[in-house]
Amino acid sequence: MGAQSLFEKVWNDHIVAAETSETPAVLYIDLHLTHEVTSPEAFNVLAARGLAVRRPDLTLATLDHSTPTVPVKTLKELDLLVESSAATQIRVMIENCAKLGIRLLGFDSDQRGIVHVIGPELGITQPGKTIVCGDSHTSTHGAFGALAFGIGTTEVAHVLASQCLLQRKPKTLAVNVQGRLQPGVTAKDVILAIIGRIGVGGGTGHVIEYRGSAISALSMDERMTVCNMSIEAGARAGMIAPDDTTIQYLSGRPLAPQGRDWESAVRRWRALPCDAGARFDREVDVDASVLAPMVTFGTNPGMVVPIDQPVPAGETASFAKSLAYMGVEAGKPMLGRPVDVVFIGSCTNSRLSDLRDAAQVFRGRKVSAGVRALVVPGSQAIKKQAEAEGLDQVFMAAGAEWRESGCSMCLGMNGDTVGRGQLCVSTSNRNFEGRQGVGARTVLASPLTAAASAVAGRVADPRQYLRG
Amino acid sequence: MEKFTTLTAIAAPLLMINVDTDAIIPSREMKKVSKTGLADGLFAAWRYTTPGGREENPDFVLNRGPYRQAKILLAGLNFGCGSSREHAAWALHEWGVRAILAPGFGNIFYGNCVRNGIVPVVIDNARVEAIAAQVERDPERNRVTVDLRQNLVTAPDGSTTTFALAPADREMLLEGLDAIAMTQKRDAEILAFQARDRERRPWIYP
Ligand code: SF4
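About the cut-offs
Residues numbered from 1 in each chain as written. Chains lettered and ligands numbered in written order. Predicted model: local features only at pLDDT ≥ 70, side-chain atom pairs only at ≥ 80, totals over all residues. Pairing = 2+ DSSP bridges. Helix = DSSP H or I, 4+ residues; strand = E, 2+ residues; numbered from the N terminus. Axes fitted to C-alpha atoms, helices over the stretch in contact; angles between N-to-C directions. Parallel < 35°, antiparallel > 145°, perpendicular 65-115°, else oblique. Left-handed = near helix turned anticlockwise from the far one by under 90°. Contact = placed C-beta atoms within 7 Å. Nonpolar A, V, L, I, M, F, W, Y, C, P; charged D, E, K, R; others polar. Buried ≥ 20, exposed ≤ 12 C-beta atoms within 10 Å, placed from the backbone. Near = placed C-beta within 6 Å. Domains from an automatic or database assignment. pLDDT = per-residue confidence, 0-100. Core = buried A, V, L, I, M, F, W, Y, C linked by C-beta atoms within 7 Å.

Quick word on the sheet that holds strand E7 (residues 147–150) of chain A
Strand pairs in the sheet, formed through backbone hydrogen bonds, run parallel or antiparallel to each other. All names here are of chain A. The strand order across the open sheet formed by five strands is E5-E4-E3-E6-E7, and the pairing between neighbours is parallel. The two strands at the open ends of the sheet, each matched to only one other strand, are strand E5 (103–105) and E7. Averaged over all pairs of adjacent strands, the angle between strand axes in this sheet comes to 20°, irrespective of strand direction. As defined by bridge partners, strand E6 (residues 130–133) adjoins E7 across four bridges and the pair is classed as parallel. Bridge pairing in E7 places Val132 opposite Phe149.

This is the structure in structure tokens:
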């Protein structure tokens, strides 16, 4: 076999049956993550056919999407905290997991959190694994050199029943990011710039591999932010080659390999990076050193500009509709637009380093009058760490709300929503119409930009709020 | 799953680009624990005048005259991008959609269509627009045909366009096959893989 890319190595390692011109490959799945919103019908399918879960030991469940972000002390309280339909999803998940022997990190677990935050945190997300979940941001786990992608609910049932998926081999796209980021410019700005460059459909049918000096310099938290939004470019998955940073991050995590297994795993992981001379179907180069903080102005993540640049003009009816929805005019910058809500959280930016970024801006400052700022940690473990560092005090002293972990205002399923016509600067990943609430207007940005905007009461340039 | 062979039906144009699955069904409409009862929430933000309400917006295409009976959707580039929610395919299917013609689809949504008896037909944008223009002149009479046996779309004026669909996807739709049942037949191969793999990567198996 010739020179192989990271993706090809992981793909080839999991082939139960090779693809033919007639049939897709049967791909083995190492880790199946599930949550309460996209799994119930999959469990119905299993029940209707009398099927068992093939590998409950390779399946891990949590509660995140429709869970309240206020403490749930007893399940009885649920109906008071969220709509009864959301409470039902949660109860059904708890029942199904108990019945089928699936480990659930529920309200009683201090390991609960957003599904894409806890996998890495527990060390069960590892290089070279195939990881799936009924959620498109499963691409997050690719930051470790795993092949990780979102699947539909019928596929969730398929994996539960067989631990396999039927897949056509995707194409490959290398995104080479070179150079050093300037102060105030973060991983979130890098991925927004990439999506702006290739477009929301630009990665369709491809697995992206992010490479280059700017990527190698990122921490694991930052790499996850980048891979997380691969789906916003339409890509099947995003991957980053494992290196010392990856291995150091995983070392000693509760579900990472231990002892002799650790040694052999590391040896295998070291061989995963792309071989010299491996070919990609497409390549794109990005210069990280010239990037500015980025903000979206429209209703998809590809509609993005440097914060101090004017909103561009577009020709299509869709573009005009998008600007009208946002109440934005071409030719004017997003900078300075009044803000109603600021959301710091989601699987894109709710890890400890994101919270530290936000706290750096909030420290000694106040959330502007009339702005609601919500800070939602990605997991209960992050919540604890942040509190140990006193970040919660910084947020609360500034006048921001500090919550339990969950998806929260990223998709507004648990009651945390943005009002009609309100502008929300959000560290999440989707600015789709109505995503954060009916008529809600979302501006995607980094935690630094979001925090700066909360303080300014307007879309603000974080570079003016950095200290020292 | 029901079989799809050929369908001649009213087609509804919804030609915006990048229509995401949050638009097809907003998350507030999917707090269900099964795949039924979702048609009501289809395109809720556009179809109804008030959020969560059910008063129809008369301007939205699926609320207009003959389009209420549409079984084919004419869509723009990157239709069904975004969230993996299969609820989008379930809602479309329950509402009555059986085929979608678009220049391109979000990957996960595409697969979800195939697994739910909706034919995702990729044809170029100019062609979708041309068909839409013919349909709009008289949606009731100017019907569109999707023939999966011949991989052929026939426009109201009789002009035809071929489309490609992966053989396994096509067969699944034609025969109404079920992927889970198909994979179950490969149990021996899966077991053999697991045995081999456990030797190579023992740490994967707790
Ligand atoms: S935080 Fe948002 S994007 Fe991430 S898993 Fe939750 S709902 Fe999906």
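Next comes the rest of the write-up.
Structural notes on the packing of helix H13 (residues 352–362) of chain A against helix H15 (residues 391–398) of chain A
Residue and element names in this part refer to chain A. At a minimum axis separation of 9 Å, H13 and H15 run at an interaxial angle of 45°. Here H13 is positioned oblique relative to H15, judged by the angle of their axes. Viewed along their axes, H13 and H15 form a crossing whose handedness is left-handed. Contacts from Leu355, Arg356, Ala359 and Phe362 in H13 reach Leu391, Val394, Phe395 and Ala398 in H15. Split by residue class, the contact of H13 with H15 holds seven nonpolar, no polar and one charged.

Re unusual backbone geometry
Residue and element names in this part refer to chain B. For Asn78, which is not glycine, the phi torsion reads 65° and is therefore positive. With respect to the element layout, Asn78 can be found in the loop between strand E3 (72–75) and helix H3 (87–95). Classification of Asn78 by C-beta neighbours within 10 Å gives buried; the count is 26. The backbone phi angle of Asn151 is positive, close to 50°, even though this residue is not glycine. Structurally, the position occupied by Asn151 is in the loop between strand E6 (144–147) and strand E7 (152–154).

Side note on the interface of chain B and chain A
The extent of an interface is frequently quoted as the accessible surface area lost upon association of the parts. Taken together, the contact pairs 47 residues of chain B with 58 residues of chain A. If you list the elements that add at least two residues to the side of chain B that touches chain A, you get helix H1 (21–24), helix H4 (107–114), helix H6 (167–175), helix H7 (179–184) and helix H8 (187–200) of chain B.

A closer look at the site of the ligand
All names here are of chain A. Around the ligand, a shell composed of 14 residues is seen, among which Ser346, Cys347, Cys407, Cys410 and Leu411 lie nearest. A breakdown of the residues in the shell around the ligand according to their chemical character gives six nonpolar, six polar and two charged. Split by domain, the residues of the shell around the ligand number at least three in each of domain 1 (6–167) and domain 3 (295–464).

Things to note about the confidence of the model for chain B
Put simply, chain B has an average pLDDT of 95, and 100% of its residues get 70 or more. As scored by the predictor, the complex reaches a pTM of 0.95 and an ipTM of 0.91.

Notes on the packing of H13 of chain A against helix H16 (residues 447–456) of chain A
Helix packing geometry: the angle between the two helix axes and the distance between the axes. Residues and elements named next belong to chain A. Interaxial distance between H13 and H16 falls to 8 Å at its minimum, and their mutual angle equals 30°. Relative to H16, H13 is oriented roughly parallel. When the axes of H13 and H16 are compared, the crossing they make is right-handed. On H16, the residues that touch Asp354, Asp357, Ala358, Val361 and Phe362 of H13 are Pro447, Leu448, Ala450, Ala451, Ala452 and Val455.

Some details on the nonpolar core
Counting 213 residues, the largest nonpolar core has Val295 and Val342 of chain A together with Leu74, Ile100 and Leu101 of chain B as its most contacted members. Ranked by the residues each element gives to this core, the list is headed by helix H7 (residues 187–198) of chain A, at eight residues. For Leu101 of chain B, the contacting residues outside a window of four places in its chain are Ile72, Leu74, Ala75, Val121, Ile123, Val128, Ile131 and Val153 of chain B.

Description of the sheet that holds E6 of chain B
Residues and elements named next belong to chain B. The sheet built from four strands is open, its strands ordered E1-E6-E7-E8 with antiparallel pairing. At either margin of the open sheet sits one strand with a lone partner, and together these are strand E1 (6–9) and strand E8 (160–162). Neighbour-to-neighbour, the strand axes of the sheet open up by a mean angle of 15°, direction not taken into account. Direction of pairing for E7 relative to E8: antiparallel, over a ladder of three bridges. In the sheet register, Thr154 faces E8, and the bridge partner there is Thr160.

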